[in-house]
Amino acid sequence: MTEAYVALEDGRVLEGRGRAPGTARGELVFTTAYTGYEESLTDPSYEEQVLTFSYPLIGNYGVREERFEDDRVHPRAAIAKEFTADVAEWLESEGVPAIDHLDTREVVTEIRDGGAMKCGIAVGEDVTEEDAIAELEQCEAMSEHTEIGAQVSVDEHEVYGADNEGVDVALVDCGAKGSIVDSLLARDATVHVLPHDAAVADVESLDPDVLFISNGPGDPVNYEEAIALVEAFVEDTPVAGICLGQQIVAEALGGTTEKMDFGHRGVNQPVLDLETGQVVMTTQNHGYTVADPGEHLEVTQINVNDDTPEGIDGIEYDVITRQYHPEANPGPEDTLDFFDDVLAMASERADARAVPADD
Ligand SMILES: NC(=O)CC[C@H](N)C(=O)O
């Protein structure tokens with residue numbers, strides 16, 4: 001049987017069954033999602049992480065490309081109680097090590113008590129514990145991945161839905177899930193996908209109806225160019241953001257972000273809307289959070305479990321952001337109306353601009 005080891009930052013080494021060979025290192029996190037492994041494994045937000053599934057059987061409905069959120073697997077390695085052959089073969093073909101037959105309850109408890117931690121992975125015929133420990137020793141903290149945006153973003157401006165008649169969206173791709181683009185196209189928007197480090201002049205030349213900052217991996221403070229875009233455009237252009245996008249908007253407008261102990265990853269995170277009193281179930285995947293929204297933003301929705309900000313609006317600016325994933329995929333579709341709200345905000349501004357001031 002193939003050897004498989006996970007070396008944890010707290011000094012422990014766990015042993016499992018190797019399902020896809022290779023060595024890897026990353027931040028060890030867990031998701032409680034019980035469906036949606038195809039979407040989670042292709043979500044760019046998991047770049048530089050090792051994803052543990054707490055749900056025990058992963059792969060029971062196969063692997064279909066139409067469910068993918070991007071064209072490759074993003075976690076550096078994957079861990080579950082049991083992977084089906086379909087998933088193991090997929091991960092092997094992607095060169096992503098996979099380990100099962102270990103006690104994922106123990107891994108989850110470890111992360112819950114100790115926080116997300118570095119780990120090293122070694123899977124193969126002849127690997128040893130030392131190989132996993134050597135990977136761990138080279139592992140960098142998430143905040144040290146200062147160029148992580150470049151690993152997941154488009155290199156060049158791409159346009160989708162050029163013939164659509166709705167608003168023009170400038171989507172800053174910090175690792176955008178495909179479902180965000182699809183949700184905008186389904187609402188007749190034209191979507192300009194821009195590199196994570198797009199310059200102010202690039203956005204200016206598009207004159208978009210909304211500047212939309214995507215989800216993405218890593219520490220929001222490492223997205224300096226996207227932060228600068230929000231600062232530059234917020235007075236004249238509506239701004240929206242999802243997950244990393246919410247954090248970037250807060251950083252740009254005088255707020256602060258911080259690392260959480262082990263984050264929120266799953267498909268049943270309850271969110272309370274402070275105005276309506278309604279609770280919705282949401283899909284989440286984040287390890288940072290907005291600590292202080294600053295004086296230009298107000299928190300409109302909070303996580304029922306720990307009160308962290310889930311929805312933020314601009315006070316004097318047209319800004320709407322969400323910490324969760326309103327595009328779902330995987331997970332409940334309770335929150336798709338976020339896209340209607342963003343596009344309504346954008347088209348109101350577009351209409352206002354179309355009317356000359358002296359009319
Ligand atoms: N899904 C995301 O956009 C994640 C945002 C950020 N990288 C975090 O971990 O909090």
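An unreviewed UniProt entry lists the chain under the name Carbamoyl phosphate synthase small chain, with Natrinema salifodinae given as the organism. What UniProt states about the chain under its Subunit (unreviewed entry) heading is, verbatim, "Composed of two chains; the small (or glutamine) chain promotes the hydrolysis of glutamine to ammonia, which is used by the large (or ammonia) chain to synthesize carbamoyl phosphate. Tetramer of heterodimers (alpha,beta)4." Heading Sequence similarities (unreviewed entry) of the UniProt record for the chain holds this comment: "Belongs to the CarA family."

Undergrad: Describe the packing of aromatic side chains, and please don't skip the residues or the numbers.
TA: Counted according to the given criterion, the structure contains seven aromatic pairs. A ring pair is formed by Phe30 and Phe262, whose centres lie 5.8 Å apart and whose planes are at 25°; its orientation type is stacked. Of this pair, Phe30 sits in strand E4 (residues 22–31) while Phe262 sits in strand E16 (residues 256–273), and the two are 232 residues apart along the sequence. Note on Phe262: relative accessible area 28%, which makes it partly exposed. Seen from their ring centres, Phe212 and Phe338 are 6.3 Å apart, and the 85° between their planes marks the pair as edge-to-face. Placement of the pair is Phe212 in strand E14 (residues 210–213) and Phe338 in helix H10 (residues 337–354), with a sequence separation of 126 residues. A relative accessible area of 0% places Phe212 in the buried class. Among the aromatic residues, those joined into a ring-pair cluster are Phe212, Phe338 and Phe339. The ring of Tyr288 has Lys259 sitting right over it, with the charged end atom 4.8 Å from the ring centre.

Undergrad: Can you explain the pattern of salt bridges? Please cite residues and give values.
TA: Using the criterion set out here, one finds 17 salt bridges in the structure. Taking the shortest distance from any N to any O, the salt bridge between Arg349 and Asp318 comes out at 3.0 Å. Residue Arg349 is found in helix H10, and its partner Asp318 is found in the loop between strand E19 (309–314) and strand E20 (319–322); the two are separated by 31 residues along the sequence. A network of salt bridges, in which partner residues are shared, links Arg17, Arg19, Glu82 and Asp100.

Undergrad: Now, about a nonpolar patch on the surface: what can you tell me, with residues and values included?
TA: Where nonpolar side chains cluster on the molecular surface, the patch consists of Tyr34, Tyr55 and Leu57 and spans about 260 Å² of accessible area. Tracing the backbone shows Leu57 in strand E6 (residues 57–58).

Undergrad: Give a detailed account of the site of the ligand, specifying residues and quantitative values.
TA: Close to the ligand lie 13 residues; Gly216, Gly218, Asn285, Gly287 and Tyr288 are nearest. A distance of 2.8 Å separates a nitrogen atom of the ligand from a polar atom in the backbone of Asn285. Contact with the protein chains covers 97% of the free accessible surface of the ligand, which is 300 Å². Mapped by element, the contributors of at least two residues to the shell around the ligand are helix H9 (244–252) and strand E17 (279–292). Broken down by element, the residue count for the shell around the ligand peaks at four residues, all from E17. Of the residues that constitute the shell around the ligand, the class distribution is four nonpolar, nine polar and no charged.

Definitions and limits used
- Residues numbered from 1 in each chain as written.
- Predicted model: local features only at pLDDT ≥ 70, side-chain atom pairs only at ≥ 80, totals over all residues.
- Heavy atoms only, no water.
- UniProt positions renumbered as here; feature names shortened; annotations may be inferred.
- Phe/Tyr/Trp six-rings, centres within 6.5 Å; stacked < 30°, edge-to-face > 60°.
- Helix = DSSP H or I, 4+ residues; strand = E, 2+ residues; numbered from the N terminus.
- Buried < 20%, exposed > 50% of the residue type's maximum accessible area, 1.4 Å probe, protein only.
- Lys NZ or Arg CZ within 6 Å of the ring centre and 35° of its normal.
- Salt bridge = Lys/Arg side-chain N within 4 Å of Asp/Glu carboxyl O.
- Patch = residues over 30% accessible without salt bridge, like charges linked within 9 Å, V, L, I, M, F, W, Y side chains within 5 Å.
- Areas by Shrake-Rupley, 256 points an atom, 1.4 Å probe, with all protein chains shown as cover.
- Near = heavy atom within 4 Å.
- Polar contact = N/O pair within 3.5 Å; in protein donor to acceptor, adjacent residues only side chain to side chain.
- Nonpolar A, V, L, I, M, F, W, Y, C, P; charged D, E, K, R; others polar.

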